[in-house]
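So you can see what is in the structure, the chains are spelled out below.
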Amino acid sequence: MKRGIAILGSTGSIGTQALEVIAAHPDHFSVEVLTAQSNADLLIAQSQVFNPNAVVIADVSQYQKVKDALDPLDIKVFAGVDALAQVVELDSIDVVLTALVGFAGLQPTIKAIEAKKQIALANKETLVVAGQLVTQLAQQNGVNLYPVDSEHSAIFQCLAGEWHNPIEKIILTASGGPFRGKKKEELTQITKAQALKHPNWSMGAKITIDSATLMNKGLEVIEAQWLFDLKPNQIETIVHPQSIIHSLVQFTDGSMKAQMGLPDMKLPIQYALGYPQRLPSDFPRFDFSQFPSLTFEKADTDTFRCLSLAYDAMHVGGTLPCVMNAANEIAVSLFLNDEIRFLEIAELVEEVMQHHSVIAQPQIEDYFETDSWARETALHKIRG
Ligand code: NAD
Ligand code: MG
């Protein structure tokens, strides 16, 4: 039996790599649904190759173009964000890969869980915003959340066969991004182009900026809290510039397990889609002679404030991580739009967090209201 896969965000960095994995294993997977924000041309081209049941283009102005191209192939075409939440319920889907960016991932992920689809989770923002609600819902529906994020995949792989052994702590590795070793004074004039150049990974724009500010590691700390049911003080980070060790688990006997390999997102994507099987691959192999030393250093959280803001948000909990995420999404887009400077990303996120009255036990509506409030507040602070 082939596994039916829906890819939310098939035209992005994770989405296109997932399609490469699927193309290499036609006996294991079939593509049931593809979705994109606005890249109609790529969505059409992907659909012509993979022949899904249905596609969604979120940007309604592109609907007619996609519809005209795919009608002869008998592929159902939908448009708009609400369609994303509906299409994940299709019977033929077994696994939903959430590879879209930001808060937009929350609603379709919830719908997919309610429809009892297994989740391959790339969209970390979903767990940052509403980790408690989403993990509870997954448990109630007997749904597994398979991590795609490389650090969380590493932890997940280290935990295979260890389910009954308590974790003492986990250590998430961070590359340190393009500005590792720099101090605040050196970061005042950072340009968009410099921030978009990641040393080890090629990724979408938003996560690349998050990697440069270390917000990405902050988001991952909170993501790990929910995926592995950990207390905040059980989650540490370490900067490891070579990105070979993808993360580590320490058990209560003091033993540590790490997962390593070259930085290549196709591996964690394939592990999540194929679990529990390790499917063969021809991805480039690690060669010790190319990496004679693997190094580790503490993260500089004075310079990269976002990482400590994320720890603050995790400790307080409730709606604060949701506020942090929304303010960060706005800050990153303002930076990419040349409206604020690099160091102002953390400043803006912190300011919005300080203005928020936390709801300790939020319901689903609270997350949507809080997200809108934080976006408006952040925009207002910059644009007036
Ligand atoms: P990307 O920008 O390359 O692609 C995003 C995809 O989602 C595109 O197909 C786009 O059309 C779609 N999309 C964007 N906004 C949307 C919206 N509002 N509604 C519907 N569709 C929308 O992003 P990416 O780098 O592939 O990252 C995707 C997710 O995976 C993010 O949450 C990111 O943090 C996470 N992630 C990415 C990587 C990586 O290597 N790229 C690694 C770990 C985790
Ligand atoms: Mg990661």
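Here is what the cut-offs are and how they apply
- Residues numbered from 1 in each chain as written.
- Chains lettered and ligands numbered in written order.
- Predicted model: local features only at pLDDT ≥ 70, side-chain atom pairs only at ≥ 80, totals over all residues.
- Heavy atoms only, no water.
- Donors = N, O, S within 2.8 Å, 3.2 Å for Na, K, Ca; no water.
- Buried < 20%, exposed > 50% of the residue type's maximum accessible area, 1.4 Å probe, protein only.
- Near = heavy atom within 4 Å.
- Polar contact = N/O pair within 3.5 Å; in protein donor to acceptor, adjacent residues only side chain to side chain.
- Areas by Shrake-Rupley, 256 points an atom, 1.4 Å probe, with all protein chains shown as cover.
- Helix = DSSP H or I, 4+ residues; strand = E, 2+ residues; numbered from the N terminus.
- Nonpolar A, V, L, I, M, F, W, Y, C, P; charged D, E, K, R; others polar.
- Domains from an automatic or database assignment.
- Contact = heavy atoms within 4.5 Å.
- Pairing = 2+ DSSP bridges.
- Axes fitted to C-alpha atoms, helices over the stretch in contact; angles between N-to-C directions.
- Phe/Tyr/Trp six-rings, centres within 6.5 Å; stacked < 30°, edge-to-face > 60°.

Caption draft 1: Focus on the coordination of the magnesium ion (ligand 2). The coordination sphere of the magnesium ion (ligand 2), as far as protein atoms go, consists of Asp 149 (OD), Glu 151 (OE) and Glu 220 (OE), spread over 2.1 to 2.2 Å. Within one chain, the residues serving as donors to the magnesium ion (ligand 2) are arranged as D-x1-E-x68-E. Of the two residues examined, Asp 149 and Glu 151, each falls in the buried class.

Caption draft 2: Spatial organisation of the site of ligand 1. Taken together, 23 residues surround ligand 1, and among them Thr 11, Ser 13, Gln 37, Glu 125 and Gly 204 come closest. Within the backbone of Gly 9, one N or O atom sits 3.3 Å away from an oxygen atom of ligand 1. Within the backbone of Gly 204, a nitrogen or oxygen atom sits 2.9 Å from an oxygen atom of ligand 1. Within the complex, 86% of the 830 Å² of free accessible area of ligand 1 lies under protein. Residue assignment for the shell around ligand 1 shows that the elements contributing at least two residues are helix H1 (13-24) and helix H6 (124-140). When the residues that make up the shell around ligand 1 are grouped by side-chain class, the tally is twelve nonpolar, eight polar and three charged. Viewed by domain, the shell around ligand 1 spans two of them, domain 1 (3-147) and domain 2 (150-262 + 283-313), each represented by three or more residues.

Caption draft 3: Fine view of the environment of Ile 238. Positionally, Ile 238 belongs in strand S9 (residues 235-239). In this structure Ile 238 comes out as partly exposed when scored by relative accessible area, which is 22%. Along the primary structure Ile 238 and Leu 172 are separated by 66 residues, whereas in three dimensions their C-alpha atoms are 6.3 Å apart. Those residues in contact with Ile 238 that sit more than four places away from it in its chain are Ile 171, Leu 172, Thr 173, Ala 174, Phe 296, Glu 297 and Lys 298.

Caption draft 4: Here's a closer look at the sheet that holds strand S8 (residues 167-174). Strand order in this open sheet of four strands is S9-S8-S10-S11, and the pairing throughout is mixed. What marks the edges here is a single partner per strand, and that holds for S9 and strand S11 (256-260). Within the sheet, the average angular offset between the axes of one strand and its neighbour, ignoring direction, is 20 degrees. The strands touched by helix H10 (residues 215-227) within the sheet are S8 and S9, with S8 carrying the most contacts at an inclination of about 155 degrees.

Caption draft 5: Seen up close, the packing of aromatic side chains. Counted by the stated rule, this structure contains eleven aromatic pairs. An angle of 55 degrees between the planes, with centres 6.0 Å apart, marks the rings of Phe 156 and Trp 163 as tilted. Assessed through its relative accessible area of 10%, Phe 156 is described here as buried. The interplanar angle of 40 degrees and the centroid separation of 5.0 Å between the aromatic rings of Phe 156 and Tyr 275 together place this pair among those described as tilted. With Phe 156 in helix H7 (residues 150-158) and Tyr 275 in the loop between helix H11 (266-274) and helix H12 (305-316), this residue pair connects regions lying 119 residues apart in the sequence.

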